[in-house]
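# Inside the fold
Now for the letters of each chain:
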Amino acid sequence: LVSALFVSGLPAAYADIVDDKLAGMEAQSPIDIRSDNTFFGNLSPLTFNLSSSTTLDVINNGSPGKEKTVRANVAAGAGSITVDGDTYNLAQFHFHTPSEHLENSHATPLELHLVFSDANSHLLVVGRWINYGDTNAALAPIFSNLPQTTADHLAVNSFNLNSLIPDNLESFRYTGSLTTPPFSEGVKWIDLAQPLDMSASQVQAFQKLFPDGDAREVQPLNGRIILTDVP
Ligand code: SG7
Ligand code: ZN
């Protein structure tokens, strides 16, 4: 019964690999970030150190029951984030449709996840909501040539990772999990408050690859606290 509770909300594609491993896990991601469940505080500063010209190896992993996304693997040493004295290196970024985290119970068309890990393999994911707006020129080399099958690789040269991060680094922070199997916990989540814009046709290009979406449903907070420095 307990595992059934946590299993609800999984995309159908994951059903075959869900078992009692989820039993007892109760600090899962994503979550619904609302003004009535966030607490204002002075958060420690975020220091991004990102290459303005790195190469990306972009892949499509559409395998049923596994991660389903378009993922850009970045070159080693291309990026890091330092927070609370800990430095985490950027491994990759990827997207979900619709957004996995909700903002006041609303999804946006897409969500960007930048996955970092520290020397002890602790994971930190920076999330950013993506809204409809102008064409995103920085992401155009990816979204105009999305790898259509798992066999495709797209090489992108001189990608500016800073184009993914806003000047205003106000955020929502909590501790959660991977949003795909094996849903490992202890992941630090930093959801940036400033959204990224993309055109409707860019969003559609991604949604065409994953017509059923690739977002996990929101999970219960179970007493966790979401901190924010959004005034
Ligand atoms: C995506 O989400 C992939 C996964 C990622 C997973 O489907 O990008 O990447 C790899 C290398 O498998 O898993 C461990 C990891 O990064 C979960 O990441 S997420 O929680 O940020 N959505
Ligand atoms: Zn993700």
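Turning our eyes to something else, we now look at the confidence of the model for the chain. Mean pLDDT over the chain works out to 91, with 88% of the residues at or above the 70 mark. Taken as a whole, residues 1-9 scores under 50 in pLDDT and shows 14 contacts with residues more than four places along the chain or in a different chain. Two summary scores accompany this predicted model of the complex, namely pTM at 0.91 and ipTM at 0.97.

As a further point, take helix α3 (residues 200-209). Residues Gln202, Val203, Phe206 and Leu209 constitute the buried set of α3. Along α3, the residues classed as buried sweep out an arc of 120 degrees about the axis, all on the same side. For α3, the exposed residues set more than 90 degrees away from the buried face come down to Ser201, Gln204 and Lys208.

Around a metal, the idealised angle for a tetrahedral arrangement of four donor atoms is 109.5 degrees; for an octahedral arrangement of six donor atoms it is 90 or 180 degrees. In this structure, His94 (NE2), His96 (NE2) and His113 (ND1) serve as the protein donors to the zinc ion (ligand 2), at separations of 2.0 Å. Coordination at the zinc ion (ligand 2) comes from four donor atoms whose angles at the metal span 100 to 116 degrees, giving a geometry best classed as tetrahedral. Along the chain, the residues that donate to the zinc ion (ligand 2) are spaced as H-x1-H-x16-H. Here His94 and His96 have matching classes, each one buried.

Most of strand β10 (residues 123-132) sits inside the fold, with seven of its 10 residues counted as buried. Here eight bridges tie strand β9 (residues 110-117) to β10, and the two strands are oriented antiparallel to one another. If you follow Phe116 over to β10, its bridge partner there is Leu124. Where β9 folds back onto β10 in an antiparallel hairpin, the turn is made up of five residues, including Ser121, whose phi is positive at roughly 65 degrees.

Conventions adopted
- Counting restarts for each chain, with residues numbered from 1 along the sequence as it is written.
- Chain letters start at A and ligand numbers start at 1, both assigned in the order the entries are written.
- Only residues with pLDDT of at least 70 get local features here, since the model is predicted, and only at 80 or more are side-chain atom pairs given and counted; chain-wide, interface and lining totals rely on the full set of residues.
- In computing side-chain properties, one takes all heavy atoms of the structure into account and sets aside hydrogens as well as water.
- For every residue, the predictor assigns a confidence score, pLDDT, that lies between 0 and 100.
- In this description, contact between two residues means that some pair of their heavy atoms is separated by no more than 4.5 Å.
- A simple rule labels every residue: compare its accessible area, found with a 1.4 Å probe on the protein chains alone, to the largest value its type can have, and call it buried under 20%, exposed over 50%, or partly exposed in between.
- Counting from the N terminus, the helices are the DSSP runs of H or I reaching at least four residues and the strands are the DSSP runs of E reaching at least two.
- Directions drawn from the helix axis to the C-beta atoms are what define this arc.
- A 2.8 Å cut-off from the metal defines N, O and S donors, relaxed to 3.2 Å for Na, K and Ca; water is not in the atom list, so some sites may appear incomplete.
- Every geometry call rests on angle ranges, with four donors termed tetrahedral when all angles are between 85 and 135 degrees, four termed square planar and six termed octahedral when opposite donors are over 155 degrees apart and all others are between 65 and 115, and everything else termed irregular.
- The pairing criterion for strands is at least two bridges between them, as found by DSSP.

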